[in-house]
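# Tertiary structure, described
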Amino acid sequence: MTEKSSNGSTWAVSLTNFLDSGSIVAGASGLTLWQKSFGLSNFEVGLLGALSANAFGSALGAIIGGRLSDKFGRKMIYTYDMLVYMLGTLIVVFSTSFAMLLLGFLVTGIAVGAGVPASWTYIGETSGDTNRAHNIGISQFAWSMGPVIIFVAGTLLAPLGLMGSRILFAFLTVVAFIAWNLQRKLPESQDWIEQKKKEKESPVESHPYRELFSNMISLKSILFLCGVYVFWNLVAGAMGFFMPFVYETVGGLNNTQANMLQAVLWAFTALAGYFGFALLGDKLNHRSFFFVGAVMAVISWLVLTYIGFGWAALWAFVIIWGISAGIGAQAWYALWAVELFPTKYRAGSQGFMFFIVRGTAGIWSIIFPMILSNLGFKIAGTAMIVLLIVSLLVGTIWTPKTRGKTLSKITKERYGDQQD
């Protein structure tokens, strides 16, 4: 695949990331409106977050989609996944009860989960060895632009109340239709095609997951990547769904102010994702680059937790966290998860890890509001800081040396010829 066609397919596939974050934020931006309209308890609010694209919904989709992507091809996911997504968002648009709203969030989440491992795998496999981080950075940019657009649109639609939130999900339905139309026309990954040819020529059949969990190198890679991404995503996931709620209930901001703050935060994330990770990720030392982003994430939460919700602290928080998120753990996870596993279970391994990542986020989505209401924000914020420090240490200490190498070379160096 030429660099021009690789960039084109990267943008098309990155719409999956846009729709992932967009659906999370569309739910978050109108959370207080849904709560008031349907008379939801704090537990029901937490359940919406837990079963959405932010957590259990996408966790379930990932474990299914990752395996299907390895077995039937990346293109199979792109042929059907967005149709499921559109079904979920339309259910939300026409929701008349909490049960219907919850179902819509769940279906949307399953579609998101199925698409994300396939998208990062496809991007990595169709990129060259000198632009893999660049293309992953584009997907990070798309992931960040979802919240920017949704929060700005949510602010403009705020006077419409709950109808404004329904319109946001209708907008996501339209974007999903465009994504489906583009993605179903993509060619299959050449790496996957060649892997299937090798499997047909080999008389020995082994289930990819059996190899994944019996190989010590793969197990260490799973532990490393979960250490980097799970702990960071517990913070980012809670922020993605609950931050406007925190701004309003703890900081005393109104819905418009909360949404605009988040829009600014995500704008900085998008800028850092493109001008930081995409343009520099293939050039700079990975350990140093990761460390800078991880330290900034810790600093941002130190500011919010111990300085407070004055406007100076809020602006410092959204700028520092925004930049750190653009060059932080999710982008590195997306890159390393493609690089550290062989083709035969590359998407499946991501599906399993994404299941863990979003599953733990689901549990945290139930716990976080309770900590917030019962123990206060300072305790909740301190917990966030500890989680970010764990991610920082794991990623910095065990940074893999993969920069500038082809996927085939990385696989040979790590696994030898048996996985080639």
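Residues numbered from 1 in each chain as written. Predicted model: local features only at pLDDT ≥ 70, side-chain atom pairs only at ≥ 80, totals over all residues. Heavy atoms only, no water.

The name that an unreviewed UniProt entry assigns to the protein chain is L-rhamnose-proton symport, with the source organism given as Liquorilactobacillus sucicola DSM 21376 = JCM 15457. Per UniProt, the protein chain has the following entry under Subcellular location (unreviewed entry): "Cell membrane". (UniProt positions renumbered as here; feature names shortened; annotations may be inferred.)

## With respect to the overall build of the protein chain
Within the protein chain, the secondary structure is distributed over 18 helices and zero strands. Relative to a compact globule of 420 residues, whose C-alpha radius of gyration would be 22 Å, the protein chain shows 20 Å and is just as compact. Here the C-alpha coordinates of the protein chain stretch approximately 60 × 40 × 40 Å along the principal axes. The contacts of the protein chain with a sequence gap of at least 6 include a subset with a gap of at least 24, amounting to 85%. Accessible surface, the protein chain: about 15500 Å² in total, of which carbon and sulfur atoms supply 69%. Here the protein chain carries 28 positive and 20 negative side-chain charges, and the mean point of each set is 3 Å from the other. (Helix = DSSP H or I, 4+ residues; strand = E, 2+ residues; numbered from the N terminus. Rg over C-alpha atoms; globule rule 2.2 N^0.38 Å. Contact = heavy atoms within 4.5 Å. Areas by Shrake-Rupley, 256 points an atom, 1.4 Å probe, with all protein chains shown as cover. Lys, Arg positive; Asp, Glu negative; His and termini not counted. Charge placed at Lys NZ, Arg CZ, Asp CG, Glu CD.)

## Regarding empty space enclosed by the protein
Counted under the stated rule, the structure contains six cavities of 30 Å³ or more. Counting only elements with at least two residues in the lining of the largest cavity, the list comes to helix H1 (3–29), helix H7 (132–157) and helix H11 (216–249). In terms of residue count, the dominant contributor to the lining of the largest cavity is H11 (five residues). By residue class, the composition of the lining of the largest cavity is seven nonpolar, six polar and one charged. (1 Å grid on protein atoms, 1.4 Å probe; cavity = no way out; pocket = protein on both sides within 12 Å on 5 of 7 lines; lining within 4 Å. Points joined across faces, edges and corners; volume = space filled by probe spheres on them. Nonpolar A, V, L, I, M, F, W, Y, C, P; charged D, E, K, R; others polar.)

## Let's talk about the side chain of Asp 282
Summarising the element assignment, Asp 282 is placed in the loop between helix H12 (255–280) and helix H13 (286–306). Polar side-chain contacts of Asp 282 include one of 3.1 Å to the backbone nitrogen of Ala 133. A distance of 2.9 Å separates a polar side-chain atom of Asp 282 from the backbone nitrogen of His 134. In this structure Asp 282 touches Asp 129, Thr 130, Asn 131, Arg 132, Ala 133, His 134 and Arg 403, once residues within four positions along its chain are discounted. (Polar contact = N/O pair within 3.5 Å; in protein donor to acceptor, adjacent residues only side chain to side chain.)

## Some details on the pattern of salt bridges
Evaluated as defined, the whole model comprises eight salt bridges. When the shortest N-O distance is used, the salt bridge between Glu 339 and Arg 132 registers 3.0 Å. Here the residue Glu 339 occupies a position in helix H15 (residues 329–339), and Arg 132 occupies one in helix H7, the gap between them amounting to 207 residues. Its relative accessible area of 3% is what places Glu 339 among the buried residues. On the basis of relative accessible area, Arg 132 is assigned to the buried category, the value being 3%. Among the salt bridges present, the one from Lys 196 reaches Glu 199, with a minimum N-O distance of 3.1 Å. Taken together, the residues span about one helical turn, with Lys 196 and Glu 199 both in helix H9 (residues 190–201) at a distance of three residues. Residue Glu 199 is classed as partly exposed on the basis of its relative accessible area, which comes to 33%. (Salt bridge = Lys/Arg side-chain N within 4 Å of Asp/Glu carboxyl O. Buried < 20%, exposed > 50% of the residue type's maximum accessible area, 1.4 Å probe, protein only.)

## Some thoughts on a nonpolar patch on the surface
Taken together, Leu 271, Phe 275, Leu 279, Leu 280 and Leu 284 make up a surface patch of nonpolar side chains, about 420 Å² in accessible area. As for its position among the elements, Leu 271 is in helix H12. (Patch = residues over 30% accessible without salt bridge, like charges linked within 9 Å, V, L, I, M, F, W, Y side chains within 5 Å.)

## Concerning the side chain of Ser 221
Turning to its location among the elements, Ser 221 is positioned in helix H11. With relative accessibility at 3%, the residue Ser 221 sits in the buried group. In this structure Ser 221 touches Leu 340, Phe 341, Arg 414 and Tyr 415, once residues within four positions along its chain are discounted.

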